[in-house]
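Analysis of the macromolecular model
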Amino acid sequence: MSGRGGELVGGLRRTRRRLHLGALLALVLLAGCATGPSLENRGQVTAAPGDSKHLSIGSAGFTESELLAQMYAVLLRKAGYEAGILTVGNRELYEPSLESGQIDVVPEYAATFADWLNAKTNGADADPVASPDLGTTMRALRALATPRGLTVLPPGRAVDQNAFAVAAPYAEQHRLKTLSDLGRAKLPVRLAAGDECVQRPFCAPGLKRTYGIDITAVDPKGVGTTPAKQAVQNGQDQMVLTTSTDATVEQFGLVFLEDDKKLQNADYVVPVVNRARAGSARVAAALGKLNSVLTTEDLAELNQRVDSWRRLPEDVARDYLRKKGLL
């Protein structure tokens, strides 16, 4: 899932810490220079896990990330922590903030995060370390995260991955059912996605390399946002990057194209924490309660309640946890 990090969806919530100009500037600076604990501070990695009572939970701003962050916040508050939510637009910004301790907890996706950290550590041309096998992916992810002062908690049952959709009339006109069909059609494709899609290996570069799709431009409207899907619906763009748990695709007259060559790895939802601030067993236990109940089908339904029914993520998150007996 190359693209998870789109624009903010929905209104501001009371529980969210607003990101002021100074904080945003700090995050931008961190994104450019933070690479994990410095050599003189590498002891942080092996020090006893921290247990700060005030935790900041990062959200990447798209519906699913917001829902997960809200559920994390509720569970941590029930466990006795003060937890606020900070929405940061993409991984390039929030991951350095996670390393530095400005953000303490984020919902992540195992395969995507493993390959992202691998590229950050070993260069953009490094061979991918993620695998369809969860165990292999988790071992690689933890090996990359630990030296940066990050702890990757156990994954849950829920899995999500990038997905690509086109307008139904466009698919019918060109007889498109798979991404391979689109590549063979040799059609110029303007892709609505997050701006990071230009470089992510499972987004524009992967579509070109694996399928031969002619991506002429990336329209930076975010991952699965309403403007992104509207741009494909009205013909401004030809394809949109969204997720396989997007419940609103049909409402915009769009259809998914099958990833028939398996460009995308299956991404399991995993909480990632700053070890020095949120690496305690209490945090792990609180967040682990969600792992035992949340399924892929649940995620799709929760996304639909926000995106189609226009309910607030915090209300949907709380209702779900109550229904599952976690409140």
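Provided above is the structure to which this section pertains.
A brief look at the structure comes next.

Rules and cut-offs
Residues numbered from 1 in each chain as written. Predicted model: local features only at pLDDT ≥ 70, side-chain atom pairs only at ≥ 80, totals over all residues. Heavy atoms only, no water. Core = buried A, V, L, I, M, F, W, Y, C linked by side-chain atoms within 4.5 Å. Buried < 20%, exposed > 50% of the residue type's maximum accessible area, 1.4 Å probe, protein only. Helix = DSSP H or I, 4+ residues; strand = E, 2+ residues; numbered from the N terminus. Pairing = 2+ DSSP bridges. Axes fitted to C-alpha atoms, helices over the stretch in contact; angles between N-to-C directions. Parallel < 35°, antiparallel > 145°, perpendicular 65-115°, else oblique. Left-handed = near helix turned anticlockwise from the far one by under 90°. Contact = heavy atoms within 4.5 Å. Nonpolar A, V, L, I, M, F, W, Y, C, P; charged D, E, K, R; others polar.

1. Comments concerning the nonpolar core
Ile57, Met71, Leu76, Leu141, Leu290 and Leu294 are the most contacted members of the largest nonpolar core, which has 57 residues in total. The greatest single-element share of this core, amounting to nine residues, is contributed by helix 3 (residues 63-78). Core analysis: the next-biggest nonpolar cluster, separate from the first, contains 34 residues, Ala167, Leu182, Val189 and Phe202 among them.

2. Considering the pairing of strand 8 (residues 214-220)
The pairing of strand 7 (residues 188-193) with strand 8 spans six bridges and is classified as parallel. Following the sheet pairing, Pro188 is matched in strand 8 by Asp214.

3. Some words on the pairing of strand 9 (residues 239-243)
Counting buried residues in strand 9 gives five out of five residues, a clear majority hidden from the surface. Here strand 9 shows a buried face lined by Met239, Leu241 and Thr243 and a second buried face lined by Val240 and Thr242. Pairing between strand 6 (residues 162-167) and strand 9: four bridges, direction antiparallel. Paired with Phe164 across the strands is Leu241, a residue of strand 9. Examined bridge by bridge, strand 7 and strand 9 share two bridges and lie parallel to one another. The residue bridging Leu191 from the neighbouring strand is Met239, located in strand 9.

4. Some details on the packing of helix 13 (residues 296-307) against helix 14 (residues 313-323)
Helix 14 packs onto helix 13 with a crossing angle of 140° between their chain directions and a minimal axis gap of 9 Å. Comparing the axis directions of helix 13 and helix 14 gives the class oblique. The handedness of the crossing between helix 13 and helix 14 comes out as right-handed. Residues Asp298, Leu302, Arg305 and Val306 of helix 13 pack against Pro313, Val316 and Tyr320 of helix 14. Across the contact of helix 13 with helix 14, the residue classes tally to five nonpolar, no polar and two charged.

5. Here we look at the environment of Leu150
Note on placement: Leu150 falls in strand 4 (residues 150-152). For Leu150, a relative accessible area of 2% corresponds to the buried category. It is 8.3 Å that separates the C-alpha atoms of Leu150 and Gly279, two residues lying 129 residues apart in sequence. Not counting chain neighbours up to four residues away, the residues in contact with Leu150 comprise Glu95, Leu98, Glu99, Phe113, Ala145, Val272, Val273, Asn274 and Arg275.

6. A word on the sheet that holds strand 10 (residues 254-257)
Spatial ordering of the open sheet is given by 8-7-9-6-10, a layout of five strands whose pairing is mixed. Each end of this open sheet is capped by a strand with a single partner; those strands are strand 8 and strand 10. The average undirected angle you get between the axes of adjacent strands in this sheet is 35°. Packing against the sheet, helix 9 (residues 204-211) makes contact with strand 6, strand 7, strand 8 and strand 9, and its axis sits at approximately 165° to strand 8. Strands strand 6, strand 7, strand 8, strand 9 and strand 10 of the sheet are contacted by helix 10 (residues 226-233), whose axis makes an angle of about 145° with strand 9.

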